[in-house]
Structures are given as C-alpha cells and as structure tokens.
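Fold and geometry: a report
Okay, here's what each chain looks like letter by letter:
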Amino acid sequence: MSTVDIESVLKEKRVFKPSLEFSKSARIKSMKEYKTLYQQAAKNPEKFWGGLAKELDWFTPWKKVLQWKEPFAKWFVGGKINASYNCLDRHLNTWRKNKAAIIWEGEPGDSRTLTYQDLHREVCKFSNVLKSLGIKKGDRVAIYMPMIPELAIAMLGCARIGATHSIIFGGFSSEALKDRILDAEAKLVVTADGGFRKGAIVPLKENVDQALKSTPCVEKVIVCQRTKSPVQMVAGRDLHWTELMAKASDVCPAEKLDSEHPLFILYTSGTTGKPKGVVHSTGGYLLGAYITSKWVFDLKDEDTYWCTADIGWVTGHSYIVYGPLANGATSVMFEGAPTYPQPDRLWEIIDKYKVNIFYTAPTAIRSLIKSGDEWPLKHDLSSLRLLGTVGEPINPEAWIWYHTVIGKKRCPIVDTWWQTETGAILITPLPGAIPAKPGSATLPFPGIIADVVDKEGKPVKPDQGGYLVIKKPWPSMMRTIYKDPERFKKQYWTQYQGMYFTGDGARKDKDGYFWVMGRVDDVINVAGHRLGTMEIESALVSHPGVAEASVVGRPDDLKGTAIVAFVTLKTKTSRSDELKNELRQHVVKEIGALARPDEIRFTENLPKTRSGKIMRRLLRDIAAHHQTIGDTSTLEDISILAKLREDEE
Ligand code: PRX
C-alpha cells in the first residue's frame with residue numbers, strides 16, 4: 001500500500017451499522033453477542049472450539065481438543081473424520097438430498113446443477129476410479145483443471161479416500177506445474193483438455209504433457225473433456241475421465257481418517273524463490289471453513305451463495321467447496337472472467353440465479369467500477385443481502401461503490417482478512433453484529449487472538465503501525481510446510497516467541513479495529529494473487545541475457561500492485577524493447593501470466609548495502625516515482641541512485 005493510500009485510510013471515519021432487519025435474523029445478532037462469544041473463546045479456547053466441532057460429523061470423538069507443541073499443533077486428537085462425508089453424506093438423510101449443492105455456470109453460458117445426491121454419486125465414482133488406479137490413503141494427487149464441477153468432484157473424491165490433493169491454479173505455466181508436482185511427489189495428475197478463458201482456450205493438457213517430461217513420480221493422468229480441443233493421449237499413461245467414470249461403482253464408503261490427516265497441500269509464494277507447500281489437516285481445517293462460512297457469510301439454507309474465486313487458490317478451497325458444502329449450502333461456481341463477454345457478466349449471473357451472498361476480490365471490484373455503473377444498473381440485483389471481499393485491502397472508495405451501486409446501501413459488507421496459511425477467515429466483521437468501517441477488516445473472529453506488535457514483539461499503541469500477529473493456535477492453521485518443517489518454523493514462528501507472524505503490516509484503531517496495510521516482506525499482492533518477488537527474480541535470471549534482477553511492487557489503481565523489474569544485463573547483451581518483451585514472455589513461461597512484469601527497467605547496477613544486499617526499499621521508491629528517499633547511509637554506492645533516476649527519463 002502506498003503512503004497516499006495509508007493516509008486516505010487513516011482519514012476514513014465512516015461507520016456502517018448493519019440494519020435492524022439484517023441483525024434480527026442473523027446468526028450472530030449483536031455486538032453484545034459477538035463480545036460474549038469472543039470472551040468465552042478467549043477464556044477457554046478448547047471448550048469453545050470443541051463445542052463448535054460437535055456440529056461436524058465424527059466417526060470417533062476426539063480425546064483431546066488441542067495438543068500444542070509450538071509451532072506444531074494437533075487438533076481434535078484421536079478423532080476420526082472425513083471431509084467428503086461432512087460435505088456430502090451427512091446431508092443425504094435430510095431434506096437437502098435433492099437440494100442444489102453446486103450451480104455451475106460455464107464461460108460460454110452453459111450451466112449445470114448438481115444436487116447433493118448427484119455430487120455424492122459422482123464423488124463416490126471418482127473415489128473408486130482413484131482406487132482402481134492404485135491411489136491410496138496418503139498419496140498425493142495433483143489437480144490442474146478449469147473451474148468445472150469435475151474439479152470439485154476430484155477434490156472431494158480424494159478427500160473421501162484420504163488421498164491428499166494439491167491443486168495448481170490453471171493460470172500457472174508448465175514450469176510452475178512441474179515444480180509443484182515434483183515437490184508434492186504426486187502419483188496422479190487430474191486435468192482437462194483445456195479451459196475457457198475470455199473466449200480463448202487455455203491448453204491445460206499440453207502444459208501437463210510438457211511438465212510431465214521431467215516428473216518421474218507421476219504414473220497416470222486423468223483427462224476430463226471440457227473444450228473438446230484435440231489432445232495427445234499418451235498410451236498407458238493418459239486416461240479419459242468419462243471412460244473411467246462409466247465403469248466405476250457409485251458405492252464408496254468414506255474412509256475414517258485421523259483428524260490430523262493431511263487433506264490438501266496448496267503452494268503459495270513466500271520470500272524465497274521456492275513456493276511453499278502449505279499443509280492443511282482434515283478436522284481442524286474443516287471446522288475453520290465450516291464455522292466461518294456459517295457465521296461470516298451468515299449462511300442459511302435458503303441462500304444462494306457465490307464466491308467468485310478460482311478453486312486453484314485457498315479462497316476457492318474454503319469458500320466454494322469445503323465451507324459451504326459442509327453447511328449444506330448452495331454454492332455457485334463460475335468458470336469465466338468477470339468482464340467476458342461484457343463487463344456485466346457477474347451482475348448477469350447474480351440476476352440469473354438470484355444470488356443472495358456474493359464474495360469477490362477488491363481488484364475485480366475496481367476493474368468493474370472502471371467499466372461504468374451502467375453495467376450493474378442493467379440488472380436486478382435485489383436478491384443480494386450480503387457482500388464480501390478478500391485478498392487485499394479494499395480502498396474506501398471501492399468499498400463505498402460496492403456498498404452503494406451493488407448493495408444498494410442495504411447489504412452489509414464483510415472485508416475478510418486471512419491467508420493460505422490460516423485456512424479460514426480470521427479477521428472480519430460478523431455481518432449482523434459488527435459495524436463496518438470501509439477499508440478495515442474490523443475485529444478478530446471469536447477464538448482468534450490477533451494483535452499488532454513492534455519489532456520487539458510488544459503491542460503498539462492504537463493507530464500505530466506494526467506487524468500483525470496471532471497469539472494463540474487455531475484449528476484451521478497450517479500444520480507445516482510440506483517436507484520442510486524447519487522452514488515452517490523459521491518463516492512463521494521465530495520472529496516472536498509464541499506468536500504466528502503473518503507477514504502483514506497493520507494498525508489497530510482505538511475501537512480495536514484492524515486495518516491491514518499489506519505485506520511487509522518480499523511478497524507482493526498483484527490483482528489479489530500473491531507472488532514472491534524472489535520467484536520472479538529467479539525466473540528473470542534464468543534468462544541467458546540477464547545478470548541480476550530485482551523485482552518490486554508499485555501501487556496500481558487497478559491491480560493493487562504492479563510488478564516492476566530492475567534488470568542488469570550481461571555485458572554482451574544489449575538493451576532493446578524486443579528484449580524487454582522477451583523477458584516478459586520468459587517470466588510467463590516460467591511462472592504464468594499472472595507474474596508478467598508490468599515494467600522492465602534496465603539498469604547498470606542495483607543499489608546494494610555494503611554487505612551486498614539489494615535495497616529494495618529504494619527500488620520501491622524509484623518504481624513509484626517517489627521523490628523522497630529514506631535513509632541511504634547503508635548504500636554502498638550512492639551514485640547508483642542518480643543513475644537509476646536518469647534511466648527513468
Ligand atoms: O496481505 C494479506 C492479503 O493477502 C495475503 C494472503 O494471501 P493469500 O495467501 O494468497 O490468500 C488470499 C486469500 C485469503 C495476506 O497476507 N489479504 C488477504 N485478505 C485481506 C488482505 N489484506 C487486507 N485485507 C484483506 N481482507
């Protein structure tokens with residue numbers, strides 16, 4: 001976040017209370033009720049979480065709620081549970097049997113509805129397919145698919161037999177896919193012929209073929225047909241989804257899994273070049289996704305709920321699949337982009353399915369504001385009763401637009417702060433209880449002890465900036481980094497003793513409201529997607545013409561952050577616009593289009609400290625065209641700054 005944004009957020013004084021009508025029928029109805037819950041949870045967290053966990057279906061009850069050996073937690077120790085069972089089977093003996101579980105809309109406008117019964121049948125069949133291919137409890141399955149119902153079926157099919165899924169966002173390149181498959185040592189890849197994206201076809205199967213040239217761990221590939229584009233099927237390795245499913249039985253009892261059994265691995269960017277495999281458990285994760293869906297989205301049986309995220313990110317895991325389905329809700333799933341074929345696609349879908357609860361990202365909101373109010377005004381949005389945002393701080397102007405033009409000043413907005421690592425929402429308004437302030441994620445969910453601390457780990461005064469930390473374990477916390485518990489410890493638990501370090505900067509106001517300012521480490525948030533600057537740097541230096549590269553974020557009205565790369569070339573390489581384009585393409589190939597630099601600046605040298613560390617702070621200022629540059633006393637060669645500025649002209 002730029003200083004300008006922080007200033008504007010600091011000046012933000014408006015408070016929006018939920019209407020009496022909303023509060024009256026909300027799950028949590030008042031600030032008093034929230035405070036009571038918060039205090040009860042703070043006083044006896046194990047009793048609080050244990051009480052809520054009883055709302056899930058357990059095969060065997062747990063013996064102990066929490067076993068905490070910092071930083072390793074075990075929740076609901078001894079309990080046996082299955083996430084797929086909780087999302088499906090437990091609804092089948094109720095009236096929800098024929099309720100829509102997933103309403104799916106494809107990019108070209110095709111649609112499908114799967115009831116809980118339908119979804120259960122497909123999932124059971126897919127579990128049997130997995131078993132027939134030799135996939136067992138504990139094996140890893142990589143999923144690289146478009147946003148089609150088969151993606152949810154594949155996830156729940158894995159969960160049912162205890163195979164750990166690792167979903168790789170369809171926008172990642174074959175290189176990124178390969179790295180993730182190798183790290184997870186996946187035995188099987190589930191993919192599709194392709195996916196639709198803004199009228200074009202994403203060649204998913206081709207990317208898989210490319211990646212699999214160097215992944216000896218993969219034995220089989222299941223290919224689902226979506227675009228009907230021709231693909232090469234490797235004999236003995238590649239199998240058609242429909243053929244396998246046609247032969248599979250629809251009877252497959254859910255495996256009784258240990259509460260701590262790893263449900264999934266999801267890779268996310270960190271401060272090094274290597275993405276982290278965030279490991280989530282079954283029981284604790286499911287409880288987090290379930291209870292936050294219920295209280296934050298105020299989910300009721302009659303709601304049609306829509307989260308626009310891609311399931312390739314954690315938001316889709318927790319708030320399209322596991323959370324809503326564990327609640328027996330109707331979850332809308334959309335394959336396409338918000339602006340295709342026109343900028344009213346989202347509003348059209350809300351109107352078509354009479355969506356009641358809508359959850360999206362500030363970057364989407366900002367781009368839709370830019371398209372003009374005529375687009376939402378063309379549609380009947382009166383079904384909406386609650387709105388949500390996630391992924392980055394929302395600027396108050398965008399918040400007000402969302403509130404006025406989309407919510408017609410009727411709908412509360414929940415600005416939900418959380419991370420891949422936290423599994424579920426941690427700081428958020430409870431919409432019937434907590435008044436919103438535009439730009440603030442407001443207060444911690446009951447059971448979450450959050451604070452803002454200084455470099456020494458001491459709480460800072462109200463309105464002072466500091467580091468956002470969580471002071472007590474919570475059920476949906478990540479358990480470790482896959483195969484790297486040391487990195488897990490170092491990354492999150494060594495900055496301050498007894499506290500989880502989020503990597504975010506924040507302040508707390510005098511009402512205790514949290515205002516998250518953005519990352520304080522070398523991670524940037526581009527259009528709601530998290531990227532490590534080091535990852536992009538390693539991609540750049542893998543190009544034969546590049547000697548050194550440093551990547552920083554620059555505030556951007558639309559994407560939140562734009563990517564600026566400072567690149568020094570090898571002596572024999574000459575600067576050119578063609579080379580800039582080539583480097584951009586190179587990053588796309590190495591990581592994916594989401595990491596494409598917005599700006600590449602060639603420079604002779606990079607500003608370094610005497611110990612050789614690149615001073616990104618200075619590069620950030622230069623990238624943002626800031627005139628004032630802070631302390632430069634540790635800079636080895638001050639003349640570099642002038643040169644960098646000259647290059648700007
Ligand atoms: O910087 C915070 C920002 O997104 C980061 C987490 O990114 P990721 O793991 O990809 O998960 C995104 C979806 C949960 C956080 O460290 N962030 C997320 N939500 C908010 C936010 N920043 C401000 N306000 C939010 N509501």
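Notes on the structure follow.

Reading the values: the criteria
Residues numbered from 1 in each chain as written. Predicted model: local features only at pLDDT ≥ 70, side-chain atom pairs only at ≥ 80, totals over all residues. Heavy atoms only, no water. Salt bridge = Lys/Arg side-chain N within 4 Å of Asp/Glu carboxyl O. Helix = DSSP H or I, 4+ residues; strand = E, 2+ residues; numbered from the N terminus. Buried < 20%, exposed > 50% of the residue type's maximum accessible area, 1.4 Å probe, protein only. Near = heavy atom within 4 Å. Polar contact = N/O pair within 3.5 Å; in protein donor to acceptor, adjacent residues only side chain to side chain. Areas by Shrake-Rupley, 256 points an atom, 1.4 Å probe, with all protein chains shown as cover. Nonpolar A, V, L, I, M, F, W, Y, C, P; charged D, E, K, R; others polar. Right-handed = clockwise from strand over helix to strand, strands pointing away. Pairing = 2+ DSSP bridges. Contact = heavy atoms within 4.5 Å. Axes fitted to C-alpha atoms, helices over the stretch in contact; angles between N-to-C directions. Phe/Tyr/Trp six-rings, centres within 6.5 Å; stacked < 30°, edge-to-face > 60°. Lys NZ or Arg CZ within 6 Å of the ring centre and 35° of its normal.

Before going further, it helps to examine the pattern of salt bridges. Evaluation of the coordinates by the stated rule reveals 48 salt bridges. The salt bridge involving Asp 89 is made with Arg 160; its shortest N-O contact spans 2.8 Å. Within this pair, whereas Asp 89 is found in helix H6 (residues 89-92), its partner Arg 160 is found in helix H8 (residues 149-161), the two being separated by 71 residues in sequence. For Asp 89, a relative accessible area of 14% puts it in the buried group. Look at Arg 160 and you get buried, because its relative accessible area is 1%. For Glu 590, the salt bridge identified is with Lys 589, shortest N-O distance 3.4 Å.

Around the ligand, the surrounding shell holds 16 residues, and the nearest of these are Asp 415, Thr 416, Thr 420, Asp 504 and Arg 530. Gly 391 is positioned with one of its backbone polar atoms (N or O) 3.1 Å from a nitrogen atom of the ligand. Pro 393 is positioned such that a nitrogen or oxygen atom in its backbone is 3.5 Å from a nitrogen atom of the ligand. Here the ligand has 540 Å² of accessible area as a free molecule, and 96% of this is covered by the chains. Mapped by element, the contributors of at least two residues to the shell around the ligand are strand S21 (413-416) and strand S26 (514-519). Across the shell around the ligand, the residue classes break down as five nonpolar, six polar and five charged.

Here strand S18 (residues 330-334) lies mainly inside the structure; five of its five residues are buried. Here S18 shows two buried faces, one formed by Thr 330, Val 332 and Phe 334 and the other by Ser 331 and Met 333. Where the polypeptide runs from strand S17 (residues 304-307) across helix H13 (residues 314-326) and back to S18, its parallel neighbour, the crossover connection is right-handed.

This next bit is on the sheet that holds strand S7 (residues 140-144). Overall, mixed pairing links the eight strands, which are arranged S13-S12-S9-S7-S8-S15-S16-S24 in an open sheet. Each edge of the open sheet carries a strand with a single partner, namely strand S13 (238-240) and strand S24 (480-481). Here S7 pairs with strand S8 (residues 164-167) via four bridges, running parallel. When the sheet's bridge partners are listed, Arg 140 is paired in S8 with Thr 164. Here helix H9 (residues 174-184) sits on the sheet and contacts S7, strand S9 (188-192) and strand S15 (264-268); the angle it forms with S15, its principal contact strand, is near 140°.

Another aspect to go through is the packing of aromatic side chains. Centre distance and the angle of the planes are the two values used to describe a pair of aromatic rings. Evaluation of the coordinates by the stated rule reveals 33 aromatic pairs. Their ring planes at 45° and their centres at 5.6 Å tell us that Phe 72 and Phe 488 sit as a pair that is tilted. Here the residue Phe 72 occupies a position in strand S3 (residues 72-77), and Phe 488 occupies one in helix H18 (residues 485-493), the gap between them amounting to 416 residues. Take Phe 488: its relative accessible area is 1%, and that puts it in the buried class. Relative to Tyr 500, the ring of Trp 474 has its centre 5.4 Å away and its plane inclined at 75°; by these criteria the two rings are edge-to-face. Within this pair, whereas Trp 474 is found in the loop between strand S23 (465-470) and S24, its partner Tyr 500 is found in strand S25 (residues 500-508), the two being separated by 26 residues in sequence. Judged by its relative accessible area of 2%, Trp 474 falls in the buried class. One aromatic cluster in this structure is built from Trp 68, Phe 72, Trp 474, Phe 488, Tyr 492, Trp 493 and Tyr 500. In this structure, Lys 437 packs its charged tip against the face of Tyr 513, placed 4.4 Å from the ring centre.

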